[in-house]
Amino acid sequence: MSKADLIVGIQWGDEGKGKIVDLMAQDYDVVCRYQGGHNAGHTIVVGDKTLALHLIPSGVLNANAINIIGNGVVISPEALIEEMQQFGSLKGRLFISDKAHMILKHHILIDQAREKLRGAKAIGTTGRGIGPAYGSKIERSGHRMGELRDTEKLAQNLIDYFTTYRAIFEAMGIKTPGFDELKAELDMYAKELLIYVEDTTALVWKSLDEQKKVLLEGAQGTLLDIDHGTYPFVTSSSTISSGACIGLGLSPKDIGNVTGIVKAYCTRVGNGPFPTEDFEEDGKKLGKNGHEFGTTTGRPRRCGWFDAVAVKYASRINGCDQLSLMKLDVLDGFDKVKICTAYEIDGKRVETLPQSLENLKPIYEEFDGWNGSKGVDKYEDLPSNAKAYVKKIEEITGTKVGLISTGPDRKETIIL
Ligand code: GDP
Ligand code: IMO
Ligand code: MG
């Protein structure tokens, strides 16, 4: 029996997971998403073609790999159908768990209404209905993809739900659909998607039993994890590696090699604490050079320096065997680059991640910058200061760097 290898985001998402999953997928038979939904935006660049994936696993460009959307993902049937259109038929190449919960239109409206009500305390969600859909799942009023097999019953259950909670929907200014409109919509989802829906846990088990190579693709990042991230400024799923077990129906023993994907600096989109955020010229330069705009919402990402305290924590919680260090080229052209090696809290130096990332000051070590890492594909061709920076990251985080990315394209990669 083989084990499934795993890719996980180490910071606040957008580390470059899509690039690495696409690159690795060339050698894998099966690629699986296990959590999140279409809040994710995973970019793949091949030559002059750029592809942004939200729900479909980033193995889709490898014609020989099959792609699985596991039970832990929340699926907007509407968004999935739209995303699938660019690929023609994916029959036999895409499998969707019958246990995955659906994001329906009312979830999206609730997400947006709640954000408005939160006012200054808004989380800055992607507005895709993620929190409300996971909320429905946990409070046991959600609906799963397999229920599209009986749309009459599903539509009636939803109408009953809307009726019971009518006062709440009205208070939020949300108009719920009538039976006929809802049934027609669900019928369309069923027609387009049911051929892909099955027991994906059995499929992953069979793949592992047959010694197939299975790759698990995390969405978001460790610091957005519902339990271990910067709560409440997090997403609503378990983004860390152990989330893959729940989100696919695997045991911890099924997990093999774990790769943490980490940017050579740090970004965050949405609200919440970000100790190394740089509001001055350096932050602006990182955003400009790194084209730091959200793949899903187009929002500018907040930018700052590499936070080694957070990365060390993330590496431990995910059990990372190695890190892929992304976007090193974005640091080209800085006179000095900085790494946060500790925090100052109440005048004391702290080297471990505290419960709250509010009210602390990053303590930095400064290094000489470099030029010319863009596009480099051999370690020996990297500028020596860039090599020293990579070594420092390995040393502080206690995790080796197994890959360095020097540009968005597949070719702009150093394998160590
Ligand atoms: P993901 O959500 O983790 O898959 O990351 P995103 O796709 O949201 O954001 C990463 C962005 O950086 C994408 O636009 C990638 O094409 C781009 N990218 C990935 N690796 C590199 C790199 O090494 N250098 C540069 N300059 N861009 C990169
Ligand atoms: P990928 O997979 C970066 C952020 C949102 C917000 C918080 C909650 O591309 O790395 P949600 O809509 O999930 O309820 O929003 O999480 N967020 C992401 N940030 N990358 C992502 O995905 C994200 N998915 C959600 O900006 O702060
Ligand atoms: Mg992204």
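Not measured: the values here are computed from a predicted model.

## With respect to the domain arrangement of the protein
Structurally, the protein comprises domain 1 (4-75 + 201-415) and domain 2 (101-195). Here the C-alpha centre of domain 2 lies 31 Å away from the C-alpha centre of domain 1. Approximately 1,500 Å² of surface area, both sides summed, lies buried where domain 1 meets domain 2, with 57% of it carried by carbon and sulfur atoms. It is His38, Val74 and Ile75 that lose the most area in domain 1 upon contact with domain 2, and together they represent 37% of the buried surface on that side. Our count for the contact surface shared by domain 1 and domain 2 stands at seven residue pairs in polar contact (both at pLDDT 80 or more). A per-class count over the side of domain 1 that touches domain 2 returns six nonpolar, 14 polar and one charged.

## So, the coordination of the magnesium ion (ligand 3)
Taken together, the protein ligands of the magnesium ion (ligand 3) are Asp14 (OD) and Gly41 (O), with distances of 2.0 to 2.2 Å. On the criterion of sequence distance, the pair formed by aspartate 14 in the loop between strand 1 (4-9) and helix 1 (17-25) and glycine 41 in the loop between strand 2 (30-33) and strand 3 (42-46) is long-range, its members being 27 residues apart.

## Topic: the pairing of strand 1
Counting buried positions along strand 1 yields six of six residues, so the element is predominantly enclosed. As paired elements, strand 1 and strand 11 (residues 255-263) share five bridges and run parallel to each other. Following the sheet pairing, isoleucine 7 is matched in strand 11 by threonine 259. Relative to strand 10 (residues 214-217), strand 1 runs parallel, the two sharing four bridges. Paired with isoleucine 7 across the strands is glutamate 217, a residue of strand 10.

## Here we look at the site of ligand 2
Taken together, 21 residues lie around ligand 2, and Asp14, Lys17, His42, Thr126 and Thr235 are the ones closest in. At 2.8 Å, a backbone N or O of glutamine 220 approaches an oxygen atom of ligand 2. Within the side chain of threonine 235, an N or O atom sits 2.6 Å from an oxygen atom of ligand 2. Burial of ligand 2 by the protein amounts to 98% of the accessible area it has alone, namely 550 Å². Taken together, the residues of the shell around ligand 2 break down into eight nonpolar, 10 polar and three charged. Here the shell around ligand 2 gathers at least three residues from each of two domains, domain 1 (4-75 + 201-415) and domain 2 (101-195).

## Remarks on the pattern of salt bridges
Counted under the stated rule, the structure contains 23 salt bridges. Between glutamate 277 and arginine 302 there is a salt bridge, and its shortest N-O distance comes to 2.9 Å. Highlighted residues: glutamate 277 in the loop between strand 12 (266-268) and helix 10 (281-289) and arginine 302 in strand 13 (residues 302-304), separated in sequence by 25 residues. Judged by relative accessible area, which is 16%, glutamate 277 ranks as buried. Here lysine 361 ties to glutamate 344 by a salt bridge, and the two come within 4.0 Å at their closest N and O atoms. In this pair, lysine 361 sits in strand 18 (residues 361-368) while glutamate 344 sits in strand 16 (residues 336-345), placing the two residues 17 residues apart along the sequence. Here lysine 361 falls in the exposed class, since its relative accessible area comes to 51%.

## Observations regarding the packing of aromatic side chains
One pass over the full model with this rule turns up eight aromatic pairs. With centroids separated by 5.5 Å and ring planes inclined at 75°, the aromatic side chains of tryptophan 305 and phenylalanine 334 adopt a geometry described as edge-to-face. Linking tryptophan 305 in the loop between strand 13 and strand 14 (306-307) with phenylalanine 334 in the loop between strand 15 (322-326) and strand 16, this pair joins segments that are 29 residues apart in sequence. Accessibility classification places tryptophan 305 together with phenylalanine 334 in one group, the buried group. Centre to centre, the rings of phenylalanine 367 and tyrosine 389 are 6.3 Å apart; their planes meet at 85°, and the pair counts as edge-to-face. One end of the pair, phenylalanine 367, is in strand 18; the other, tyrosine 389, is in helix 12 (residues 384-397), and 22 residues separate them in sequence. The same class applies to phenylalanine 367 as to tyrosine 389, namely buried. An aromatic cluster is present here, built from Tyr161, Phe162, Tyr165 and Phe169 joined pairwise through their rings.

## Focus on the site of ligand 1
Neighbouring residues of ligand 1: 20 residues in total, closest Lys17, Gly18, Thr43, Asp329 and Ser405. Between ligand 1 and the protein, one listed contact pairs an oxygen atom with a backbone N or O atom of glycine 18 at 2.8 Å. One of the side-chain N or O atoms of aspartate 329 is found 2.8 Å from a nitrogen atom in ligand 1. When ligand 1 sits alone it has 580 Å² of accessible area, and the protein chains cover 91% of it. When residues of the shell around ligand 1 are traced back to their parent elements, those giving at least two are helix 1 and strand 3. Across the shell around ligand 1, the residue classes break down as four nonpolar, nine polar and seven charged.

## Topic: unusual backbone geometry
Look at the link from tyrosine 231 to proline 232: it is a cis peptide, with omega at 5°. Counting through the fold element by element, proline 232 comes out in the loop between strand 10 and helix 9 (243-248). Despite not being glycine, glutamine 220 shows a phi value in the positive range, around 55°. With respect to the helices and strands, the residue glutamine 220 is situated in the loop between strand 10 and helix 9. Given a relative accessible area of 8%, glutamine 220 falls into the buried group. A positive phi angle, close to 55°, is found at asparagine 359, a residue other than glycine. With respect to the secondary-structure elements, asparagine 359 resides in the loop between strand 17 (348-350) and strand 18.

What counts and how
- Residues numbered from 1 in each chain as written.
- Chains lettered and ligands numbered in written order.
- Predicted model: local features only at pLDDT ≥ 70, side-chain atom pairs only at ≥ 80, totals over all residues.
- Heavy atoms only, no water.
- Domains from an automatic or database assignment.
- Buried area = accessible area lost by both parts, 1.4 Å probe.
- Polar contact = N/O pair within 3.5 Å; in protein donor to acceptor, adjacent residues only side chain to side chain.
- Nonpolar A, V, L, I, M, F, W, Y, C, P; charged D, E, K, R; others polar.
- Donors = N, O, S within 2.8 Å, 3.2 Å for Na, K, Ca; no water.
- Helix = DSSP H or I, 4+ residues; strand = E, 2+ residues; numbered from the N terminus.
- Buried < 20%, exposed > 50% of the residue type's maximum accessible area, 1.4 Å probe, protein only.
- Pairing = 2+ DSSP bridges.
- Near = heavy atom within 4 Å.
- Areas by Shrake-Rupley, 256 points an atom, 1.4 Å probe, with all protein chains shown as cover.
- Salt bridge = Lys/Arg side-chain N within 4 Å of Asp/Glu carboxyl O.
- Phe/Tyr/Trp six-rings, centres within 6.5 Å; stacked < 30°, edge-to-face > 60°.

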